[in-house]
Amino acid sequence: MSARQKQRRARLAVFKFASCDGCQLSLLDCENELLTLSESIDIAYFLEATRKAIRGPYDLALIEGSITTPHDAERIRRVRSESRFLVTIGACATSGGIQALRNFGNVREFASIVYARPEYIATLATSTAIGDHVAVDFELRGCPINKRQLLEVISAFIARRSPTIPAHSVCVECKRRGTVCVMVAGGTPCLGPITHAGCGAICPSFARGCYGCYGPDEAPNVASLMTAWTQLNRPPDAIARVLRTFNANAPAFRNALTHENDQS
Amino acid sequence: MKTIKVEYLARVEGEGALRIRFRGNAVRDVELRIFEPPRFFEAFLRGRHCAEAPDMTARICGICPVAYQMSACAAMEDGLALSIPNHIRDLRRLIYCGEWIESHALHMFMLHAPDFLGFDGALEMARTHRDRLKAGLLIKSAGNELIRAVGGREVHPINVRLGGFYSLPPASELLALVPNLASARDRALEALEWMTSFDFPGFERDYEFVALRGSNSYPFMGRRLISNKGLDIVANQYDETFEERQVPYSNALQSAIRARGHYVCGPLSRFNLNFDLLSPTAAEAARRARVVPPCRNSFRSILVRCIETIEAFEQAIEIIERYDGAGPAYVEADVRASTGYGLSEAPRGTLYHRYRIDDAGLITDATIIPPTSQNQASMEDDLREIAPRMLALDHRAATRLAEHVVRNHDPCISCATHFLNLTMERE
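Treat the numbers as computed from the prediction; the structure is a model and nothing was measured.

Definitions and limits used
- Residues numbered from 1 in each chain as written.
- Chains lettered and ligands numbered in written order.
- Predicted model: local features only at pLDDT ≥ 70, side-chain atom pairs only at ≥ 80, totals over all residues.
- Heavy atoms only, no water.
- Helix = DSSP H or I, 4+ residues; strand = E, 2+ residues; numbered from the N terminus.
- Rg over C-alpha atoms; globule rule 2.2 N^0.38 Å.
- Buried < 20%, exposed > 50% of the residue type's maximum accessible area, 1.4 Å probe, protein only.
- Contact = heavy atoms within 4.5 Å.
- Areas by Shrake-Rupley, 256 points an atom, 1.4 Å probe, with all protein chains shown as cover.
- Lys, Arg positive; Asp, Glu negative; His and termini not counted.
- Charge placed at Lys NZ, Arg CZ, Asp CG, Glu CD.
- Expected span 1.5 Å × (residues − 1).
- Phe/Tyr/Trp six-rings, centres within 6.5 Å; stacked < 30°, edge-to-face > 60°.
- Lys NZ or Arg CZ within 6 Å of the ring centre and 35° of its normal.
- Pairing = 2+ DSSP bridges.
- Axes fitted to C-alpha atoms, helices over the stretch in contact; angles between N-to-C directions.
- Arc of directions from axis to C-beta.
- Polar contact = N/O pair within 3.5 Å; in protein donor to acceptor, adjacent residues only side chain to side chain.
- pLDDT = per-residue confidence, 0-100.
- Domains from an automatic or database assignment.
- Buried area = accessible area lost by both parts, 1.4 Å probe.
- Salt bridge = Lys/Arg side-chain N within 4 Å of Asp/Glu carboxyl O.
- Nonpolar A, V, L, I, M, F, W, Y, C, P; charged D, E, K, R; others polar.
- Core = buried A, V, L, I, M, F, W, Y, C linked by side-chain atoms within 4.5 Å.
- Disulfide = S-S within 2.5 Å.
- Parallel < 35°, antiparallel > 145°, perpendicular 65-115°, else oblique.
- Left-handed = near helix turned anticlockwise from the far one by under 90°.

A. Molecular detail of the overall build of chain B. Secondary structure summary: chain B contains 16 helices and 13 strands in total. Since a compact globule built from 427 residues should have a radius of gyration of about 22 Å, the 21 Å found for chain B is in line with a globular shape. Across its three principal directions, the C-alpha atoms of chain B cover 65 × 55 × 35 Å. Within chain B, the fraction of its 427 residues that count as buried is 69%. Sequence-distant contacts, at least 24 apart, represent 71% of the contacts inside chain B between residues at least 6 apart. Surface accessibility of chain B: about 13400 Å² in total, with carbon and sulfur atoms responsible for 47%. Placing the 51 positive and 56 negative side-chain charges of chain B at their respective mean positions leaves the two points 4 Å apart.

B. Main features of helix α12 (residues 301-322) of chain B. With 22 residues, α12 of chain B extends 32 Å between its outermost C-alpha atoms, agreeing within 8% with the 32 Å of an ideal straight helix rising 1.5 Å per residue. Burial runs high along α12 of chain B: 19 of the 22 residues are buried.

C. A look at the packing of aromatic side chains. By the definition in use, this model includes 21 aromatic pairs over all chains. Pairwise contacts between aromatic rings join Phe109, Phe116, Trp194, Phe198 and Phe200 of chain B into one cluster. Looking at Arg244 of chain A, its charged tip hangs above the ring of Phe104 of chain A, at a distance of 3.7 Å from the centre. Above the face of the Phe200 of chain B ring, Arg300 of chain B is positioned so that its terminal group lies 5.5 Å from the ring centre.

D. Seen up close, the sheet that holds strand β13 (residues 363-369) of chain B. All names here are of chain B. Taken together, the three strands give an open sheet; going across it, the order is β11-β12-β13, and neighbouring strands pair in antiparallel fashion. Every interior strand has two partners, whereas the edge strands, β11 (338-346) and β13, have only one. For this sheet, the mean angle separating the axes of adjacent strands, direction not counted, is 10 degrees. Taken strand by strand, helix α3 (residues 65-79) contacts β11, β12 (349-357) and β13, and its axis lies near 150 degrees from that of β11.

E. Molecular detail of helix α6 (residues 107-114) of chain A. Residue and element names in this part refer to chain A. Listed in full, the buried residues belonging to α6 are Val107, Phe110, Ala111, Ile113 and Val114. The buried residues of α6 occupy one face: seen down the axis, they fall within an arc of 160 degrees. Of the residues flanking the start of α6, the one acting as N-cap is Asn106, its side-chain oxygen 2.8 Å from the backbone nitrogen of Arg108.

F. Molecular detail of the confidence of the model for chain B. Per-residue pLDDT for chain B averages 91, and the proportion of residues at 70 or more is 93%. Residue range residues 417-427 of chain B is modelled with pLDDT below 50. Its contacts to residues more than four positions away, or to other chains, number 54 contacts.

G. Representation of the domain arrangement of chain A in the model. Residues and elements named next belong to chain A. Along its sequence, chain A is carved into domain 1 (3-158) and domain 2 (170-263). Once you take the C-alpha centre of each, domain 1 and domain 2 turn out to be 26 Å apart. Of the roughly 1200 Å² buried where domain 1 meets domain 2, counting both sides, 55% is carbon and sulfur surface. Connecting domain 1 to domain 2 are zero salt bridges. The tally of links between domain 1 and domain 2 comes to six residue pairs in polar contact (both at pLDDT 80 or more). By residue class, the composition of the side of domain 1 that touches domain 2 is eight nonpolar, eight polar and one charged.

H. Broad picture of the interface of chain A and chain B. Opposite the 59 residues of chain A that make contact, chain B presents 75 residues. In total, about 5600 Å² of surface goes out of reach between chain A and chain B, with carbon and sulfur atoms giving 61% of it. Run the count over chain A and chain B and you get six salt bridges. Note that Glu124 of chain B and Lys52 of chain A form a salt bridge whose closest N and O atoms lie 3.7 Å from each other.

I. Focus on the nonpolar core. The biggest cluster of nonpolar side chains holds 177 residues, and the ones touching the most others in it are Leu62 of chain A together with Phe109, Met110, Met195 and Tyr355 of chain B. Examining the composition of this core, we find that 16 residues originate from one element, helix α4 (residues 86-117) of chain B, more than from any other. Looking at this core, you find at least three residues from each of domain 1 (3-158) and domain 2 (170-263) of chain A. With near-sequence residues (within four places) excluded, Phe109 of chain B lies in contact with Pro114, Ala122, Met125, Arg132, Leu133, Gly136, Ile139, Ala191, Trp194 and Met195 of chain B. Cys190, Leu191, Met226 and Leu257 of chain A belong to the second largest nonpolar core, which has 19 residues in total.

J. Layout of the state of the cysteines. A full pass over the atoms with the stated rule returns zero disulfides over all chains. Summary of cysteine pairing: Cys210 of chain A is not part of a disulfide, and the nearest cysteine sulfur, belonging to Cys190 of chain A, is at 5.1 Å.

K. Molecular detail of the sheet that holds strand β3 (residues 58-64) of chain A. Residue and element names in this part refer to chain A. The strand order β2-β1-β3-β4-β5 describes an open sheet built from five strands, whose pairing is parallel. Edge positions in the sheet fall to β2 (42-46) and β5 (138-140), since each has one partner strand and no second. Ignoring which end each strand starts from, the neighbouring axes of this sheet average 25 degrees apart. Bridge analysis of strand β4 (residues 83-89) against β5 gives three bridges, and the strand direction is parallel. In the strand pairing of β5, Thr88 is matched with Glu139.

L. Looking closely at the packing of helix α6 (residues 130-151) of chain B against helix α8 (residues 178-195) of chain B. Residues and elements named next belong to chain B. Between α6 and α8, whose axes approach to 9 Å, the crossing angle comes to 140 degrees. Between α6 and α8, the angle is such that the two are oblique. The handedness of the crossing between α6 and α8 is left-handed. Packed against α6, whose contacting residues are Arg132, Ala135, Leu138, Ile139, Ala142, Glu145 and Leu146, the element α8 presents Asn180, Leu181, Ala184, Arg187, Ala188, Glu190 and Trp194 at the interface. Of the residues belonging to the contact of α6 with α8, the class tally is nine nonpolar, one polar and four charged.

Structure representation (structure tokens):
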């Protein structure tokens, strides 16, 4: 038996917190690569796919979802302690997700709108990123994540190299695709200049402005883009709404609006 | 007292647990507990613009985002009395076909089939049934391709908007998918034959089946909701017909028909109420597999899912073949204060949306009732009914049977946790 065969296969675990399941579904959506992947690593814990559960420690834990309950705030610490590398996947895990809209309102009021007996519901006042609770080795952005990027991240961590995931804006992806700028040429408001790349610039290729589902890029100039939107006759409340969606709690988006409010 | 407890339900979308308590040989109580954390969609939709509802509600569920987009559009367009041209309706049905195929294939091959064959999951099943699983993945990827072609990406498609689409896909791009769709449909026909060889426990219940009734084809979107027990309503009568109840042990609300109680929605209901509308290929496959209405055994829902997958392929090919890519991509909505009601058939059952908006188009009230909350009470009834059989089994086998019973209804727990205004509040 060669040394390579003797080597223990890497153990992958997938954990879910508050989320829509779409990012872990991206792993099952890797239809062709999934079987190959399961032959080269041990999928030790992935409840959505199998009830077989191997106990930690894990070499790589993928975390989907945000922290919204006291129980989950505890659980993520336990997961961290039994994982060598911990990677968060998707807008919920990296910024708190759409459910972080509660951070700007009153969660008790929210609960009483949805539930007749809100006292049965155990929930925190905020929805926060995993990185606000434990150390995170890598954050993969997107609502949802891109499955090609997910495979790159898994391969990189298994091979102990750093993942090749660019942090520039969606604009670069449009240029690469050869998509004509929807904002400059078409007057369509677009969040591309401040949004993290990774989706492949899908929206502009469908004649739609980017709506920011990958969150802020490495150095977003939000104020400048807002000025450009105003010049396209977008009212300030429309701009505020578009930053308050899937990555509302990402600091660059959150602070841009707080700043605006301070000025008014 | 004996208790069967499953702490984490595996192979379902989202997080849930179940507990069955016996006193002697009698079932004392059954609790299907959903502890997926609540995300309060109905609350934060208030104050948002009506045009934002399709993209925001898509995030309720990564497995059936198209269903959320379609029900949201249907509700807003109902309120605004917006009439949608046929070529847009067709494209909506096409992307919905993709979602049925993708979601049904995931459930049949990766979640449900392992129950019948005694595996922990699909990856374990791959060791002995690799070709079957590969066929399933091929079917699933054909569905995803369809969603990608119309919607831009498979999870949370970006091309759907109020009134239609941002842009229409070129006819040549869709036409190029047909060979692959046809061969995936043939894999589904073979899979149906394979699945008929599964061992189905004798388990018939007198469910009330509720589903949309199609007007001239098997239903994806529509306004008329019927049942096998006399229900026949249109979308805006939904609230007076159904009620939702909150139970202390779960973050999901349970639905019931006010007049009669529990019911089921989903593939069995659609099939039993719309068999006559199936395309010839799907109907013929159903007859060959000896699946004909009324099918009252929820274990056999895997066969019905496969028949619906074949139906979705047939409809998709038919739509693509007469699609020419002409016409406007969307119709502009004239926003005004209104209340709208929307229904569509998500892969796992009827999805209801209701919105009230003001003159500026901002949402003042939102209600979303996903299929899993509607089926939750019937899942508990199924468990109660089958529980005596569990007493003869060891704990592991009893647990597996209980999970299997829940999985028969393809619960999507991520969906089921985000709910609605309660009826008791309204009264």
